[in-house]
Amino acid sequence: MSTVPLEEREPGRLERTAIGGVLVREIINFSSYWRSTTFSSTVEPTIYLLAFGFGFGSLVSVVGGYNYIDFVATGTVATAVLFSSIFPAMFGTFIKYKFQHTYDAILAAPVDTEELVTGEALWLAMRASVYGCAPLLVGIVFGLDPSWGMLAVPAINFVAGYGWACTGVAIAGWLKGIENFNYVTSAVITPLFLVAGTFFPLTGLPGWVQALAQLNPLFHCVQLVRHAAFGWEGWADVWNFSFLILFGLLMWRVAIAAMERKLID
Amino acid sequence: MNDRAGCDPFGVPPTPHALELSHVVKRYGEITAVNGLDLVVPDGACVGLLGPNGAGKSTTMRMLTAQTIADEGQITVLGHELPGDSKAARARMGVVPQLDNLDTTLTVEQNLVVFSHLYRVPKARRKAAIERVLKIANLGERRDSKVDELSGGMRRRLLIGRALIHQPQLVLLDEPTVGLDPQVRQELWALIDLLRSEGVSILMSTHYIEEAERLCDSVTIVSHGSAVAVGAPADLVVEHAGRDAVEIYGSPERLVEVEAEMAKEGFPTRRTGTSIAVLGLDDAAGRAPAGERRPANLEDVFVLLTGEEIA
């Protein structure tokens, strides 16, 4: 037999079997809590969509050339991705580390921190990819026209979700207490969430805010989803997508470094 | 265990020692948790790592899975140098943690499925591996029960079973019976004894002396991060405490006097809480004090050598 089965190879870095083991654990665990997670991950952005869409929609009918409901429906996709990846990553990682001691068990198996972080972030990205489509579907029910470009939205969600999941893991790895998460939520996530062109276009904001928004991954996700729904914008979207990939790669390494510092002494 | 050759995937030749630590040091700032520790687990043996709380047992256990990295010294596990080769070593050993870290919302069987993946049990063998562990841990009838619904003893058996899913050659047991009632403890001793009889190498940290006496071929007593005695339990007793001890009871003041008198006579003593145990009486002849005579035990040695009360 010429091919050595994967299980019998000398272990290396970022092995598929190790990452797969972490994913299996997440998937089996998900079977016990999928209802509540699915409820919160889909209902929350839908409420935002309905509240802003119909609330502001009654005052403003067209924004940036789009029907306001369409504008918000596409913008809320990025919010759904953010919420369904960064928060479970922050809280889930911290709880598994501090209270459930899950990582002690996983790292005692032939799994390294790098594989642990990668597996967990991949799983959250997959979830975010699906949950992020909920506002789009609700938007379609309320009049958003379906388009072929929307088929790319799960992929956009996956890449953005991976970056946000890694950001959440890095935050959990970096902070010492779960109560400190409030600082991050108020000082980092809320501003990112508001200055991303989700509920209103950035063109009305001061120039320096618009410039800073270019560094906001959520802004690039919003742009990509909107363009996927209403028409691609060539190199601008190549840049948007590239930014999300770079964001994901950077935060992946930051998350691994933060967790190695936390888990290995 | 049967068919263990099939779980020796990395072609490392067998070594006489399942595990070897040589002059291992681990510091946390000013504190030296492990201070030049030497420790050997011969292949197929059950070795007890015996020490009071804070002696460095848990740090040592973490170093064996490379979750703690030693500052100095050498660690070899199943022929693999740590920390560089730790992943290969971890693939061939099982770890039973002191703290219960089962997935509590999953069933017994789901927990085992998860760890069969994490420990890379090949797909074709996965079902048989789970059945085998359910049988060893005597949890076959509770396979569909959620961990939350299990008793403390069942959870411990599942923790041990989980560590055996890939038929490891070495098992690390970190305080395996801490906090359990005597009946459950006996159940677990039977389970650990079964592993011993099947030739699995075991390193078991404990501060329960009886546990070490019953299960271990040899013990390493650690104090302040260093090994202070190594040997078979019965040999250590004879070497350090003699065959018999004499217990002398009295008021606290009287016990202080007895301690001073015995020190003057050159006999080692240790406090038991309610009495003073006088040790090292093998050559005492007529100088042995009057009191309640009993066989010396490993606890006498433990307290004598560590100079600390058992937590």
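No experiment lies behind these values; they were computed from the predicted model shown. (Residues numbered from 1 in each chain as written. Chains lettered and ligands numbered in written order. Predicted model: local features only at pLDDT ≥ 70, side-chain atom pairs only at ≥ 80, totals over all residues.)

Description of the overall build of chain A
When helices and strands are tallied, chain A shows 10 helices and 2 strands. Going residue by residue from the N terminus, the α and β elements of chain A occur as α-β-β-α-α-α-α-α-α-α-α-α. The C-alpha atoms of chain A give 19 Å as radius of gyration, which agrees with the globular expectation for 265 residues (18 Å, within 12%). Over its C-alpha atoms, taken along the principal directions, chain A stretches across nearly 65 × 50 × 35 Å. When the 265 residues of chain A are sorted by exposure, 48% land in the buried category. In chain A, of all internal contacts separated by at least 6 residues, the share reaching a separation of at least 24 is 81%. (Helix = DSSP H or I, 4+ residues; strand = E, 2+ residues; numbered from the N terminus. Rg over C-alpha atoms; globule rule 2.2 N^0.38 Å. Buried ≥ 20, exposed ≤ 12 C-beta atoms within 10 Å, placed from the backbone. Contact = placed C-beta atoms within 7 Å.)

Details of unusual backbone geometry
All names here are of chain B. Backbone torsion omega between L82 and P83 reads 5 degrees, so that peptide bond is classified as cis. Within the fold, P83 resides in the loop between strand 5 (80–82) and helix 2 (86–91). Even without being glycine, H23 reaches a positive phi, approximately 50 degrees. Structurally, H23 is set in strand 1 (residues 17–28). For H23, a count of 12 C-beta atoms within 10 Å puts it in the exposed group. For L78, which is not glycine, the phi torsion reads 50 degrees and is therefore positive. Relative to the assigned elements, L78 resides in the loop between strand 4 (72–77) and strand 5.

Thoughts on helix 8 (residues 233–241) of chain B
All names here are of chain B. For helix 8, the complete set of buried residues consists of P233, L236, V237, H240 and A241. In an axial view of helix 8, the angular spread of the buried residues amounts to 105 degrees, which keeps them on one side of the axis. For helix 8, the exposed residues set more than 90 degrees away from the buried face come down to A234 and E239. Those residues of helix 8 that are buried lie in contact with helix 7 (209–215), strand 9 (218–223), strand 10 (226–231), strand 11 (244–249) and helix 10 (298–306). Where helix 8 ends, the next residue or the one after it, G242, has phi of about 80 degrees, a positive value. (Arc of directions from axis to C-beta.)

So, the interface of chain B and chain A
The figure often quoted for interface size is the accessible area lost as the parts come together. Contacts between the two partners involve 26 residues from chain B, matched on the other side by 29 residues from chain A. For the side of chain B that touches chain A, the elements supplying multiple residues, two or more each, are helix 2 and helix 3 (108–118) of chain B. If one sorts the elements of the side of chain B that touches chain A by residue count, helix 3 of chain B sits on top with 6 residues. Among the residues making up the side of chain B that touches chain A, the classes are represented as 15 nonpolar, 7 polar and 4 charged. (Nonpolar A, V, L, I, M, F, W, Y, C, P; charged D, E, K, R; others polar.)

Side note on the packing of helix 2 (residues 68–98) of chain A against helix 5 (residues 134–141) of chain A
All names here are of chain A. Closest axis-to-axis distance for the helix 2/helix 5 pair is 7 Å, and the angle between their directions is 160 degrees. Comparing their axes, helix 5 and helix 2 come out roughly antiparallel. The two elements helix 2 and helix 5 meet at a crossing, and its hand is right-handed. Where helix 2 approaches helix 5, its residues I69, D70, A73, T76, V77 and A80 are matched on the opposing element by A134, P135, L136, V138 and G139. (Axes fitted to C-alpha atoms, helices over the stretch in contact; angles between N-to-C directions. Parallel < 35°, antiparallel > 145°, perpendicular 65-115°, else oblique. Left-handed = near helix turned anticlockwise from the far one by under 90°.)

Focus on the pairing of strand 10 of chain B
All names here are of chain B. Looking at chain direction, strand 9 and strand 10 are connected through 5 bridges and run antiparallel. Counted as the bridge partner of T220 is V230 from strand 10. Where strand 9 folds back onto strand 10 in an antiparallel hairpin, the turn is made up of 2 residues, including H224, whose phi is positive at roughly 50 degrees. (Pairing = 2+ DSSP bridges.)

Structural notes on the sheet that holds strand 12 (residues 269–271) of chain B
Residues and elements named next belong to chain B. Overall, antiparallel pairing links the 4 strands, which are arranged 12-13-11-14 in an open sheet. Taken across any chain shown, the strands that pair with only one partner, and hence form the sheet edges, are strand 12 and strand 14 (292–295). Mean inter-strand twist for the sheet, computed between neighbouring axes without regard to direction, equals 30 degrees. Here strand 12 pairs with strand 13 (residues 275–278) via 3 bridges, running antiparallel. Each residue of the ladder has a partner; that of T269, found in strand 13, is V278. Sitting on the sheet, helix 9 (residues 252–265) is in contact with strand 11, strand 12 and strand 13, with an inclination near 15 degrees to strand 13.

Some points on the packing of helix 2 of chain A against helix 9 (residues 217–230) of chain A
All names here are of chain A. Where helix 2 contacts helix 9, the two axes come as close as 8 Å, and the packing angle between them is 135 degrees. In terms of orientation, helix 2 and helix 9 fall into the oblique class. Our pair here, helix 2 against helix 9, has a crossing hand that is right-handed. Taken together, the residues of helix 9 that come into contact with helix 2 (itself represented by T74, G75, V77, A78, V81 and L82) are L218, C221, V222, V225, R226 and A229. Residues belonging to the contact of helix 2 with helix 9 are distributed by class as follows: 9 nonpolar, 2 polar and 1 charged.

A look at helix 3 of chain B
Summarising burial for helix 3 of chain B: 10 of the 11 residues are buried, a large majority. Considered for burial, the residues of helix 3 of chain B that qualify are V108, Q110, N111, L112, V113, V114, F115, S116, H117 and L118 of chain B. Buried residues along helix 3 of chain B sit in contact with helix 1 (16–55) and helix 3 (102–108) of chain A together with helix 4 (123–136) and helix 5 (152–163) of chain B. Trailing helix 3 of chain B by a residue or two, R120 of chain B shows a phi angle of about 60 degrees, which is positive.

Things to note about the nonpolar core
Side chains that are nonpolar tend, in soluble globular proteins, to be buried together. Judged by nonpolar contacts, the single largest core of 166 residues is most densely connected at A121 and A255 of chain A. Ranked by residues supplied to this core, first place goes to helix 2 of chain A with 15 residues. Mapping this core onto the domain boundaries places at least three of its residues in each of domain 1 (4–236) and domain 2 (243–295) of chain B. Residues in contact with A255 of chain A, not counting those within four places in the same chain, are V117, A121, C166, V169, A170 and G173 of chain A. (Core = buried A, V, L, I, M, F, W, Y, C linked by C-beta atoms within 7 Å. Domains from an automatic or database assignment.)

A look at the confidence of the model for chain A
All names here are of chain A. Per-chain confidence: chain A averages 91 in pLDDT, with 97% of residues scoring 70 or above. Mean pLDDT in chain A bottoms out at strand 1 (residues 62–63), which sits at 86, and peaks at helix 6 (residues 153–174), which reaches 98. Ignoring residues within four places in sequence, the model shows residues 1–7, a span with pLDDT below 50, making 8 contacts including any to other chains. (pLDDT = per-residue confidence, 0-100.)

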